[in-house]
Amino acid sequence: MHILITAGPTREYLDDVRYLSNASSGRMGYALAAAAIDRGHTVTLISGPVSISAPAGCHVIAVESTQQMYEACVERFADCDGVIGTAAVCDYTIKNRIAGKISKTGQSLTLELVETIDVLAELGRQKGTRWIVGFALESQDARYNAVRKLYQKNCDAIVLNSPQVISSEETSVDLIDQSESVIEHWSGSKTTVARLLMSWIDEHLPGRIR
Ligand code: CTP
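What comes next is a walk through the structure. (Residues numbered from 1 in each chain as written. Predicted model: local features only at pLDDT ≥ 70, side-chain atom pairs only at ≥ 80, totals over all residues. Heavy atoms only, no water.)

**Looking at the overall build of the chain**
How we decide: Strands are runs of DSSP state E lasting at least 2 residues, helices are runs of H or I lasting at least 4, and numbering of each runs from the N terminus. When we talk radius of gyration, it's over C-alpha atoms, and the globule rule is simply 2.2 Å times the number of residues to the 0.38. Contact definition: two residues touch when any of their heavy atoms are within 4.5 Å. Note that accessible areas follow from Shrake-Rupley with a 1.4 Å probe, and for residues the cover is restricted to the protein chains shown. Charge counting follows a simple rule: Lys and Arg are positive, Asp and Glu are negative, and His as well as the terminal groups are ignored. Taken as the charge centre is NZ of Lys, CZ of Arg, CG of Asp or CD of Glu, depending on the residue.
The helix and strand inventory of the chain stands at five helices and 12 strands. Rg of the C-alpha trace for the chain: 17 Å, near the compact-globule value of 17 Å for 210 residues, within the 12% margin. Across its three principal axes, the chain shows a C-alpha extent of roughly 60 × 35 × 30 Å. Here the analysis covers contacts within the chain between residues at least 6 apart in sequence; of these, 61% occur between residues at least 24 apart. Here the chain has roughly 10400 Å² of accessible surface; of this, 47% comes from carbon and sulfur atoms. Within the chain, one finds 20 positive and 25 negative side-chain charges whose respective centroids are separated by 4 Å.

**A closer look at the packing of helix 1 (residues 27-38) against helix 5 (residues 190-204)**
Condition: Note on geometry: axes are lines fitted to C-alpha atoms, helical ones only across the stretch in contact, with angles between N-to-C directions running from 0 to 180 degrees. Under this scheme an angle from 65 to 115 degrees is roughly perpendicular, one under 35 degrees roughly parallel, and one over 145 degrees roughly antiparallel; angles in between are oblique. Should the near helix be turned counterclockwise from the far one by less than a right angle, the crossing is left-handed, whereas a clockwise turn marks it as right-handed. Each residue gets one label: Ala, Val, Leu, Ile, Met, Phe, Trp, Tyr, Cys and Pro are nonpolar, Asp, Glu, Lys and Arg are charged, and the others, such as Gly, are polar.
Helix 5 packs onto helix 1 with a crossing angle of 50° between their chain directions and a minimal axis gap of 8 Å. In terms of orientation, helix 1 lies oblique with respect to helix 5. Crossing hand, helix 1 versus helix 5: right-handed. For the pair formed by helix 1 and helix 5, the contact residues are Arg27, Met28, Ala31, Leu32, Ala35 and Ala36 on the first element and Lys190, Thr191, Val193, Ala194, Arg195, Leu197 and Met198 on the second. Broken down by class, the residue content of the contact of helix 1 with helix 5 amounts to nine nonpolar, one polar and three charged.

**Some thoughts on a nonpolar patch on the surface**
Stated formally: Residues form patches when they are more than 30% accessible in relative terms and have no salt bridge. Like charges link within 9 Å. Nonpolar side chains (Val, Leu, Ile, Met, Phe, Trp, Tyr) link within 5 Å. One speaks of a salt bridge when a side-chain nitrogen belonging to Lys or Arg is within 4 Å of a carboxyl oxygen belonging to Asp or Glu.
Among the surface-exposed residues, Tyr92, Ile98, Leu109, Leu111 and Leu113 lie close enough to one another that they form a single nonpolar patch of about 420 Å² accessible area. Looking at the element boundaries, Leu109 is found in the loop between strand 7 (92-94) and strand 8 (113-115).

**Structural notes on helix 3 (residues 119-126)**
Our working rule: Partly exposed describes any residue whose relative accessible area lies between the buried limit of under 20% and the exposed limit of over 50%, with all areas from a 1.4 Å probe on protein chains only and scaled to the type maximum. Polar contact is the term for a pair of N or O atoms within 3.5 Å; when the atoms are in protein, one must be able to donate a hydrogen and the other to accept it, and sequence-neighboring residues count only if both atoms are side-chain atoms.
Where burial is concerned, most of helix 3 is hidden: six out of the eight residues are buried. Of the positions making up helix 3, those classed as buried are Val119, Leu120, Ala121, Glu122, Leu123 and Gly124. The inward-facing, buried residues of helix 3 contact strand 1 (2-7), helix 2 (66-77), strand 6 (82-85), strand 9 (131-137) and helix 4 (142-152). The N-cap of helix 3, judged by a side-chain oxygen 3.3 Å from the amide nitrogen of Leu120 a few residues on, is Asp118.

**A look at the site of the ligand**
Threshold: Only heavy atoms are used to decide nearness, and a residue is near a molecule or strand if one of them lies within 4 Å of it. Any residue with an atom within 4 Å of a point lines the site, the site being either a cavity, points on a 1 Å grid over the protein atoms alone where a 1.4 Å probe fits but cannot get out, or a pocket, an open set with protein on both sides within 12 Å along at least 5 of 7 lines. More than half of a molecule's atoms within 2 Å of the grid points is what it takes for that molecule to sit in a cavity or pocket.
Close to the ligand lie 15 residues; Gly85, Ala87, Phe135, Lys149 and Lys153 are nearest. A distance of 2.8 Å is found between an oxygen atom of the ligand and a backbone nitrogen or oxygen belonging to Leu120. Residue Phe135 places a main-chain N or O atom 3.0 Å away from an oxygen atom belonging to the ligand. Alone, the ligand offers 570 Å² of accessible surface; in the complex the protein occludes 79% of this. If you map the ligand onto the pockets, it falls in the largest pocket. Within the residue set of the shell around the ligand, elements represented by two or more residues are helix 3 and strand 9.

See below:
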């Protein structure tokens, strides 16, 4: 199969030097890219800024903002059998980005933020016969929110994890499918969990009917 993977954080600039982002390391997405390549798949990895190297053999597209990630995904999705959305996408952008550098004035500063596009939800709308595996990062009502996102984003399955794993080497996840139940629980290094998830995908999610 040809698999599209989103990984890492995105950044939304307030001015020319400051941005909103998060601590995503990209490890989960990169581990999945490696596991998919090991299983003989073709991988396009659309990655926000991270400090780790991509596995040999995958096609990497580096992006910075959520809008850039969205455009890169839409362009590549047409050629893919499925997508795995591991990216910790920045959900807000500044309404009016300031040119240059914001200078201090001695006063408080109020920034108006607006929501960015939901990359996976948009791919979900365009999905057709392709499959979608999302990730859900939840701190409360975890299972309920993960199932809600599974439907919102038109996913075949969603991997539920918690904020503690965001920049860690290890992870602990529940896999939920459209039955709305936890069908697998895996924990260990992100490499181990990535291999288990790719094996599950190979077994349960077919290549695209072209
Ligand atoms: N996602 C995305 N584009 C966004 C936000 C999220 O593609 N703008 C994807 C993530 O890569 C992940 C899934 O959607 O696969 C769920 O992300 P998560 O951060 O858990 O949830 P959000 O949709 O951002 O919702 P909320 O922040 O309200 O929990």
